[in-house]
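# Analysis of the macromolecular model
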Amino acid sequence: MFITDIRKEFYDVVVNQRVALLVSSEIDALCACKILQALFHCDQVQYTLVPVTGWQDLGTAFLEHKEQFRCFVLINCGANVDLLETLQPEEDSIFFICDTHRPVDVVNVYNDTQVKLMIKQDDDLGVPSYDDIFRDEEEEGGNDSGNESDGGSEPSGKRRRYDEGEVERRIERQRATREWEARRREILFDYEQYEYHGTSAAMVIFELAWVLTKDTKDMLWWAIIGLTDQLVHDKITHMKYVTDIATLQRHVSRHNHRNEDEDNSLSIDCMRISFEYDLRLALYQHWSLFESICNSSYTSCNFKLWSMHGQKKLQEFLADMGLPLKQVKQKFNSMDMSVKENLREVIEESSNKYGMKDIRIQTFGVHFGFKNHFLASDVVHATAALLESTEKDDSPGDNFIKALDCLSRSNLERLHGGIDLAKKKLMAIQQTVASCICTNLILSQGPFLYCYLLEGTPDVKLFSKPMALTLLCKYLLKAFVRSTRNKRCKLLPLIIAAPMDVEKRTVIVLGIPPESETSDKKNFFGRAFEKAAESTSSRTLHDHFDTSIIELKMEDRTKFLDALITLLS
Amino acid sequence: MSAGNENGVRMDKFKNKGKDANELRRRRVEVNVELRKAKKDDQIFKRRNVNTLVDEATSPLHEKSQNCQAPRQWSVEEILAGVNSNNLDVQLNATQAARKLLSRERHPPIDHIISAGLIPKLVAFLGLESPPIQFEAAWALTNIASGTSDQTSAVVEGGAIPAFIRLVISPHPHISEQAVWALGNIAGDGSVYRDQVIKHGAVAPLLSLLAVPELSLFSSGYLRNITWTVSNLCRNKHPSPPLAAVQQIIPTLVRLLHHDDKEVLADTCWALSYLTDGPNDRIEMVVVQTGLISRLVQLLGSGEISVVTPSLRVIGNMVTGTDEQTQAVLNAGALSMFPGLLRHHKSNIQKEASWTLSNITAGRDSQIQDIINAGLVPLMVDVLRKGDYKTQKEAVWAITNFTSGGTVEQVVYLVQANVLEPLLNLLSTKDSKTILVILDAITNIFLAGDKIGEADKLCMMIEECGGLDKIEALQSHENELVYKASLSLIEKYFSGEEEEDQCVAPELTTDGYAFQISENQSTFNF
């Protein structure tokens, strides 16, 4: 069921309990987790934090903790499958789910006792009404006309005679039931066809903190990062982003206003969040402007930097801005103050000339003291890089803790480390995009585009991770749409596959919807993957919380793809 | 029940005949039948529960189709008052109301009606000279008798049996049909009431209904009801139905077997399966009927699952009988239907077919030869490899019986058909009785191998398909018989390094291909 009063129905319940906090490995979930941890800290709630990377993980975590815990809080996992069916919990286990995955499984929606969904009702959920999808068991079973249905079993020893009308009614009822079932299938098909994401978990939890009047600037910042994660990883529509930004901006003004009457001076450990209309250049304040332009998807695609022509255009662009190359290529921090002063305006002006009208975007920045300034997207990139670090001795658990740590302002060291990793990752992505485009690795399969990263491709290990591969896939599709002349191909979705586990000989497969300004970001690949796997009995693992990300045996790749093509044609 | 127990019963049921193989022939195990019945009772029970729906009176569908009739439901008390009135019309209305209550799908108030003492009244109405009230009362009593044993008892104790038998030959077909139905419910309760129905003389009037030149003149429902009731008169054991009645019924069953309604056919076949599920003299009564077996064989190939299942059961029961009875089945060409049955999409059919074959391979070697000639051995090996577990178990019996009663030549053929690997694979089962049966088969195969001096090759084949490892592992089996049997196999055929060395000698590996069926080498070479 949906929780209507998050304070009464969630917080007041768990505040007196020991809580198992199961958190999915992604940035928004981490941020929600940080806020919740802070609240639990305030009220001295005992909790155990368990990172989970997929359904199997979630199942194991539940098994390990079901003895000691009654309350389970699931962040960004659990909403989109029948949780009780999956976990088979005892009747006294209660699950509080704060998850952006849509559609929410209907059983979760209509379970009133064990599944509590912390999901904002103003999200466009479109859940089918109860009567359309559920009927009392008894009614449903009434149509098995006993022995006759199963030919070949021994006749019954005794038989009752029903009214004539009874028989007719039974037939009528069977017909009605069949119709109802057909309609139910249709409704569920429509409802479950597309996968998409709802309001950021961090924002939902932040609102809880606000309702409890326990919200702090740190919490607000985490909520901002949660939302920005949805933008960076392209999970929500632009409209949704702008709306949610507005919500958060009101909170930011409130907090800033509150601080005004205190002393105005910035101290070294003071935190200040500001709404900014900043550049769509990744990490530029921690990089050189030049490198940021080269490694940001927006600029790279617009210039087509993978081509000689594009490189030339970039040079022209820089010249147009009148910025000396020396300045542009040195560390942003060390640029002349005079250059920096109206840098954004200069860049925007030239960008407009070069067809990049959307170079600026509404976002937030944070100042920690005087020295440290970060844009929300910087933190998202850094945290993602830490979370999916492929350094040798890092276990997923370590990575989770490191990523969580870098969100604390006492841990700027780690954040800077993350930023360095993120730079490497962005460069790897850009290089891979360039080589895929230049060597025509993106093939049109008819109903979709397909790209397979061969084993041995540089940085291929990085792309065995879901978030990195998602980012690559999005950037790749944007670049492809810019580079191809085939109009039909511009409208196609993209499937990318990359080696995942060399020993087990599996690949990670991921599909994204077509690229367009007005895209609703709804993804139909989840269902399609399931169906294709089923019809070819391919050995697949649908373990990721996003159904559009699966693991597949390398040998089964061809038949799986063939089935997908047939299915979607 | 434990597997051991089941198999104990199974061992007792072996048909008695001259040689060892006799022990391997098995009667259909009683417990299985009992289980089936229990399951069936479950089904009925379930069916009643499941059929419940929104109260009929409040169902909108009900309103739609029924609003022309009086929608008001009587209470049991009102009915009681009604039947006790002196006015026939009131009695009729009350009886009809009772019938309606008992005919609704949801929770018919059977016990309530019984405890209100309505049964004697209803039985009395059966004897009135008013067809409408006879009909309503018969229907109501039918539905009461359709319930639990206690509820059926209440009807019998009310003296309903003779009253119904009188109505069987009522000039009104609908009343006759209802009486037949009611008697079917009573006889279907078990052997006690079945024999009471027979003792009261139900058989003759029932059969007389069918003594018409053309069965197809009946409405299909009527004929189905009579057939079903007759089948209930043949049903249940301990004791089996009286011989005289059976003798009386069989000719009619033979006639029904040539009718073309599939439900009539199904019930007729079930009736025959009950009659053949017993000692050899009972089987004999059915086997001797002219044309019956060949008709059954025809039905085996009808593709209609509701008919194939019981006709296969009859055939299966027949071959549990004597060699002569088995031969009668073979003479009718039954084996030609088995390729389809062994590959049937329903695993239950595969299982029953394998069970039937296991009893044929327990017969004469000429009968085993018939199975070989019908091309069934490769299919049996297939079933052994891919069938569901119950089917595999039956196939194991078929193989073991084959190796025990077959000639050396026949056993060689079996090995050439690659039986060893799937057979040995099943040694990993948990059921120790099945393991013993498999070890028996292996021993028998070795005996044949010894006779032609090919035991070493057998050793190699068994080792190659991983069978030796399995047999070795069985030496630590908890069941002592398994341990002993595997130990004796190992000691006899697999000990001694020299022998193993011979096994891997190159010249032997070169003609290792001789094991394949395709090779048309001397028959006495594996």
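Residues numbered from 1 in each chain as written. Chains lettered and ligands numbered in written order. Predicted model: local features only at pLDDT ≥ 70, side-chain atom pairs only at ≥ 80, totals over all residues. Heavy atoms only, no water.

## Observations regarding the overall build of chain B
Along the backbone of chain B there are 34 helices and zero strands. For chain B, the residues scored as buried account for 55% of the 526 residues in total. Considering only contacts within chain B whose residues lie at least 6 apart along the sequence, 71% involve residues at least 24 apart. With the model as given, the accessible surface of chain B reaches about 22000 Å², and the carbon-plus-sulfur share is 53%. (Helix = DSSP H or I, 4+ residues; strand = E, 2+ residues; numbered from the N terminus. Buried < 20%, exposed > 50% of the residue type's maximum accessible area, 1.4 Å probe, protein only. Contact = heavy atoms within 4.5 Å. Areas by Shrake-Rupley, 256 points an atom, 1.4 Å probe, with all protein chains shown as cover.)

## Concerning the UniProt feature "repeat: ARM" (unreviewed entry) in chain B
Listed under "repeat: ARM" (unreviewed entry) in the UniProt record, and renumbered for this structure, are residues 117–159, 159–187, 248–291 and 291–333 of chain B. Annotation note: span residues 159–187 of chain B, helix share 83%, strand share 0%, distance between end C-alpha atoms 14 Å. (UniProt positions renumbered as here; feature names shortened; annotations may be inferred.)

## Overview of the sheet that holds strand 14 (residues 506–512) of chain A
Residues and elements named next belong to chain A. Spatially, 11-12-13-14-16-15 is the arrangement adopted by the six strands of the open sheet, whose pairing is mixed. The two strands at the open ends of the sheet, each matched to only one other strand, are strand 11 (442–444) and strand 15 (540–541). Where helix 21 (residues 466–483) meets the sheet, it contacts strand 11, strand 12 (449–452), strand 13 (494–501), strand 14 and strand 16 (549–553), and its direction lies at approximately 50 degrees from that of strand 14. (Pairing = 2+ DSSP bridges. Axes fitted to C-alpha atoms, helices over the stretch in contact; angles between N-to-C directions.)

## A short note on the pairing of strand 13 of chain A
Residue and element names in this part refer to chain A. For strand 13, the tally of buried residues reaches six of eight residues, placing the bulk of the element in the interior. Read from strand 12 through helix 21 to strand 13, the crossover connection turns out right-handed. In this structure, strand 13 lies alongside strand 14, joined through seven bridges in antiparallel fashion. Looking at strand 14, one finds that Asp501 is bridged to Thr506. Adjacent in sequence and paired antiparallel, strand 13 and strand 14 are bridged by four residues, among which Arg505 carries a positive phi angle near 55 degrees. (Right-handed = clockwise from strand over helix to strand, strands pointing away.)

## Some points on the sheet that holds strand 3 (residues 71–75) of chain A
All names here are of chain A. An order of 2-1-3-4-6 is seen for the five strands of this open sheet, with the pairing classed as parallel. The open sheet is flanked by strand 2 (47–52) and strand 6 (115–117), the only strands paired with a single partner. Within the sheet, the average angular offset between the axes of one strand and its neighbour, ignoring direction, is 20 degrees. Relative to strand 6, strand 4 (residues 94–98) is paired through three bridges, and the arrangement is parallel.

## Overview of the nonpolar core
By size, the foremost hydrophobic cluster in this structure holds 156 residues, and its most contacted members are Phe164, Met318 and Phe446 of chain B. The dominant element in this core, judged by the number of residues it contributes, is helix 29 (residues 432–451) of chain B, at 10 residues. Counting 113 residues, the second-largest nonpolar core is a separate cluster that includes Ile6, Val45, Phe374 and Leu386 of chain A. (Core = buried A, V, L, I, M, F, W, Y, C linked by side-chain atoms within 4.5 Å.)

## Points about a negative patch on the surface
Residue and element names in this part refer to chain A. A cluster of acidic residues, Glu67, Glu90, Glu91 and Asp92, forms a negative patch on the protein surface. With respect to the helices and strands, the residue Glu67 is situated in the loop between helix 3 (55–65) and strand 3. You can call Glu67 exposed: its relative accessible area is 65%. (Patch = residues over 30% accessible without salt bridge, like charges linked within 9 Å, V, L, I, M, F, W, Y side chains within 5 Å. Salt bridge = Lys/Arg side-chain N within 4 Å of Asp/Glu carboxyl O. Lys, Arg positive; Asp, Glu negative; His and termini not counted. Charge placed at Lys NZ, Arg CZ, Asp CG, Glu CD.)

## What to know about helix 9 (residues 201–211) of chain A
All names here are of chain A. Counting buried positions over the 11 residues of helix 9 gives eight, a clear majority of the element. Buried within helix 9 we find Ala201, Ala202, Met203, Val204, Ile205, Phe206, Leu208 and Ala209. Measuring from the side-chain oxygen of the N-cap residue of helix 9 to the backbone nitrogen of Ala202 gives 3.2 Å; that N-cap residue is Ser200. Positive backbone phi, approximately 50 degrees, marks Thr213, located one or two places after helix 9. (Polar contact = N/O pair within 3.5 Å; in protein donor to acceptor, adjacent residues only side chain to side chain.)

## Observations concerning the confidence of the model for chain B
All names here are of chain B. Across chain B, the average pLDDT comes to 82, with 81% of residues at or above 70. In the predicted structure, residues 27–70 sits below a pLDDT of 50 and forms 77 contacts with residues beyond four places in sequence or in another chain. pLDDT under 50 marks residues 497–523. Its contacts with residues more than four places away, or in other chains, come to 28 contacts. (pLDDT = per-residue confidence, 0-100.)

## Some details on unusual backbone geometry
Residue and element names in this part refer to chain A. Omega for the peptide link from Arg102 to Pro103 comes to -5 degrees, which places this bond in the cis form. Its identity as a non-glycine residue notwithstanding, Asn440 has a phi of 50 degrees, on the positive side. In this structure, Asn440 sits in the loop between helix 20 (412–438) and strand 11. Take Asn440: its relative accessible area is 58%, and that puts it in the exposed class. Positioned with a positive phi, Lys521 is a non-glycine residue whose angle comes to about 60 degrees. Looking at Lys521, the relative accessible area reads 16%, which means it is buried.

## A closer look at the state of the cysteines
Here is the idea: a disulfide is a covalent bond, and it sits between the sulfur atoms of two cysteines. For the coordinates displayed, the defined rule picks out zero disulfides over all chains. In this model Cys406 of chain A remains outside any disulfide bridge; the closest cysteine sulfur is found in Cys31 of chain A, 8.9 Å from its own. (Disulfide = S-S within 2.5 Å.)

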